Amino acid sequence: MNKFLLPYSRQSISTDDINSVIKTLKSEILSRGSQIEKFEKNLKKYVGSKYALTTTSATSSLHLSCLAIGLKERDLVWTVPNTFVATANCILYCNSKIDFVDIDYNTGNIDVEKLKDKLANSIQKPKAIITVDFAGQPTDQEQIYKLSKKYRFYVIEDASHALGAKRKNELVGSCKWSDLTIFSFHPVKTITTGEGGAITTNNKKIYDKIKILRNHGITKDLKKMKIKNNQKWYYEQIDLGYNYWMSDLNACLGISQLKKVEKFVQKRNKIAKFYFSELKDLPIILPEIKKVNRSSFHLFVIKILKKNKNKYKEIFNELLKKGLGVNLHYLAVHLQPYYKRLGFKKGSFPKSELHAETAISIPIYYDLSLADLKKIVRIIKSVIKKYVF
Ligand SMILES: *Cc1c(COP(=O)(O)O)cnc(C)c1O
């Protein structure tokens, strides 16, 4: 593995995190125990939702969400091409049909006007739409939620980037404008559990269903059983589920990390502010953050100008060579070979494609020091000036 001095993102682990994992490791119960319950309780309290369930990853959370809304083969789901493949794959796990809605190039989020047009003009309406809070900035979620009432679809918000983000003072995950919200606790995200994910919702039925599907489809709830047997040894499998349990080791790390979420998000916002002021005079496009939003700044994505996109490769590689662990978020999903085989073509979602030809994620994470930031800015300035005039 390349050891970059400054990766685009990374975890921040301190002694309290380490001690909490050691404590759990020395305890009786390593899985399906009190740490899971406590992490879920703290998470729902933080975001302000009625329910929260943890899982092995955001990917499994997305899968469970699609199952919980009853996605079947004939159903259609829309998402954006500017996302990690997992957001799209979960639709295919259910053998449902997938289509995409292009992004607003300025924010990287779903273009609500395009969504409105597509909804009005499509014969088959989607059963669900999966939005993505790109880089940590919430989408225009209240508009999408309003559309969901008109056209009767579910809103699943992939907030893998957006724990700690706010829209109109509402924390992402409260599910004020979504049926389900998904979080990732992968090490590069706002907080980490190693691997892990979570779902929040205010819908009791969805919550109950996910709880069973996370546990092989097994229930011990008498009300749900065919045979009302309350013996200790008895359980029933009533659906086809999975083992998507987070372990208590991961959950206790999550509890400890969640205590610091505000601190993490504030630091990321401070770093973003520094970049905005230091990079504003370069011939590049800086992120557009809408006034109603507080981004969690999972990513800080700069974009070279369209007319310079033939310099992308050189600029990207030179930044890497100089020690910045830059990355591209994201290659457009519809152009992945697997999705092309389903019939998607270049040119169908031009803004997402242009985004993929111009976007560069530069380092942003809690442990960056002012000296690091100055170095990063110096490198970016010199590289951009070298290739773009
Ligand atoms: C990270 C990420 C995922 C997947 O998260 P895992 O926890 O690694 O499964 C899904 N969607 C988006 C937008 C992501 O950034």
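Residues numbered from 1 in each chain as written. Predicted model: local features only at pLDDT ≥ 70, side-chain atom pairs only at ≥ 80, totals over all residues. Heavy atoms only, no water.

Colleague: Account for the packing of aromatic side chains, with residues named and values stated.
Modeller: In total, this model carries 15 aromatic pairs according to the counting rule given. Ring centres of tryptophan 233 and tyrosine 234 lie 6.1 Å apart, and the angle between their planes is 85°; on these two criteria the pair is classed as edge-to-face. For tryptophan 233, a relative accessible area of 58% gives the class exposed. Where phenylalanine 297 meets phenylalanine 300, the ring centres are 5.9 Å apart and the plane angle is 25°; that geometry is what we call stacked. The class of phenylalanine 297 is buried, set by a relative accessible area of 5%. Chaining the aromatic ring pairs together yields one cluster made of Phe100, Tyr338, Tyr339, Phe344 and Phe349. The ring of tyrosine 366 has lysine 267 sitting right over it, with the charged end atom 5.2 Å from the ring centre. Directly above the aromatic system of tyrosine 105 lies the positively charged group of lysine 303, at a separation of 4.3 Å from the ring centroid. (Phe/Tyr/Trp six-rings, centres within 6.5 Å; stacked < 30°, edge-to-face > 60°. Buried < 20%, exposed > 50% of the residue type's maximum accessible area, 1.4 Å probe, protein only. Lys NZ or Arg CZ within 6 Å of the ring centre and 35° of its normal.)

Colleague: I'd like to hear about the sheet that holds strand S15 (residues 300–304), residue by residue, with values.
Modeller: Strands belonging to one sheet form pairs held by backbone hydrogen bonds; the direction of such a pair is parallel or antiparallel. The antiparallel open sheet is built from three strands, whose spatial order is S13-S15-S17. Only two strands of the sheet have a single partner each, and these edge strands are strand S13 (284–285) and strand S17 (359–362). As defined by bridge partners, S13 adjoins S15 across two bridges and the pair is classed as antiparallel. In the sheet register, isoleucine 285 faces S15, and the bridge partner there is lysine 303. Contacts between helix H10 (residues 312–321) and the sheet are confined to S15 and S17, with S17 contributing the most and set at about 10° to the helix. (Pairing = 2+ DSSP bridges. Helix = DSSP H or I, 4+ residues; strand = E, 2+ residues; numbered from the N terminus. Contact = heavy atoms within 4.5 Å. Axes fitted to C-alpha atoms, helices over the stretch in contact; angles between N-to-C directions.)

Colleague: Which residues make up the site of the ligand, and what values do they have?
Modeller: Thr59, Asp158, His161, Ser184 and Lys189 are the nearest of the 15 residues found near the ligand. Calculation on the ligand without its partners gives an accessible area of 390 Å², and the protein chains cover 93% of this total. Elements with a minimum of two residues in the shell around the ligand: helix H3 (58–68) and helix H4 (85–93). Taken together, the residues that form the shell around the ligand break down as five nonpolar, eight polar and two charged. (Near = heavy atom within 4 Å. Areas by Shrake-Rupley, 256 points an atom, 1.4 Å probe, with all protein chains shown as cover. Nonpolar A, V, L, I, M, F, W, Y, C, P; charged D, E, K, R; others polar.)

Colleague: How would you summarise the side chain of serine 296 if you had to cite specific residues and measurements?
Modeller: Along the chain, serine 296 turns up in the loop between strand S14 (293–294) and S15. Overall, serine 296 belongs to the buried group, its relative accessible area being 0%. Ignoring sequence-local partners within four residues, the contact set of serine 296 consists of Gly136, His161, Ala162, Leu163, Gly164, Ala165, Thr190, Val265 and Arg268.

Colleague: Account for a positive patch on the surface, naming residues and giving values.
Modeller: Together, Lys23, Lys38, Lys41, Lys45 and Lys259 line one region of the surface with positive charge. When residues in the positive patch are grouped by element, the largest group, three residues, is from helix H2 (residues 34–47). Mapped onto the secondary structure, lysine 23 falls in helix H1 (residues 15–25). Owing to a relative accessible area of 66%, lysine 23 belongs among the exposed residues under this scheme. (Patch = residues over 30% accessible without salt bridge, like charges linked within 9 Å, V, L, I, M, F, W, Y side chains within 5 Å. Salt bridge = Lys/Arg side-chain N within 4 Å of Asp/Glu carboxyl O. Lys, Arg positive; Asp, Glu negative; His and termini not counted. Charge placed at Lys NZ, Arg CZ, Asp CG, Glu CD.)

Colleague: I'd love a proper account of unusual backbone geometry, names of residues and values included.
Modeller: Here histidine 329 and tyrosine 330 are connected by a cis peptide whose omega angle stands at 0°. One can find tyrosine 330 in the loop between strand S16 (324–325) and helix H11 (337–340). Phi is positive for arginine 32, close to 55°, though the residue is something other than glycine. Positionally, arginine 32 belongs in the loop between H1 and H2. On the accessibility criterion, arginine 32 (42% relative accessible area) is partly exposed. A positive phi is found at phenylalanine 297, a non-glycine position, where the angle reads about 45°. Take phenylalanine 297: it is sitting in the loop between S14 and S15.

Colleague: I'd like a description of H3, backed by residues and values.
Modeller: For H3, the tally of buried residues reaches nine of 11 residues, placing the bulk of the element in the interior. Looking at H3, one finds that the buried residues are Ala58, Ser60, Ser61, Leu62, His63, Leu64, Ser65, Cys66 and Ala68. The N-cap residue of H3 is serine 57: its side-chain oxygen and the backbone nitrogen of threonine 59 are 3.3 Å apart. Just past H3, the residue glycine 70 takes up positive phi, approximately 80°. (Polar contact = N/O pair within 3.5 Å; in protein donor to acceptor, adjacent residues only side chain to side chain.)

Colleague: So what about the pattern of salt bridges? Which residues, and what values?
Modeller: For side chains bearing opposite charge, pairing can occur when the charged atoms are close. Enumeration over the complete set of coordinates arrives at 20 salt bridges. Its salt-bridge partner being lysine 386, residue glutamate 318 comes within 3.2 Å of it at the nearest N-O pair. Of the two residues, glutamate 318 is situated in helix H10 and lysine 386 in helix H13 (residues 370–387); the sequence distance between them amounts to 68 residues. Taken together, the shared-partner salt bridges in this structure form one network comprising Asp140, Glu142, Arg167, Lys168 and Lys290.

Colleague: Can you explain the nonpolar core? Please cite residues and give values.
Modeller: Counting residues in hydrophobic clusters, the biggest one holds 42 residues, and the most contacted among them are Tyr275, Leu279 and Ile380. Secondary structure elements with two or more residues in this core: helix H9 (261–279), S15, H10, S17 and H13. Among the elements that line this core, the one with the most residues is H13, at eight residues. Filtering out sequence-adjacent residues up to four positions away, leucine 279 remains in contact with Ile284, Leu286, Ile302, Ile362, Val377 and Ile380. In this structure, Ala58, Cys90, Ile130 and Ile210 belong to the second largest nonpolar core, which totals 33 residues. (Core = buried A, V, L, I, M, F, W, Y, C linked by side-chain atoms within 4.5 Å.)

Colleague: Tell me what's going on with the sheet that holds S14, and back it up with residues and numbers.
Modeller: Taking strand neighbours across the sheet as the criterion, the three strands line up as S8-S7-S14 in an open arrangement whose pairing is antiparallel. The open sheet terminates on both sides in strands that have one partner only, identified here as strand S8 (170–171) and S14.

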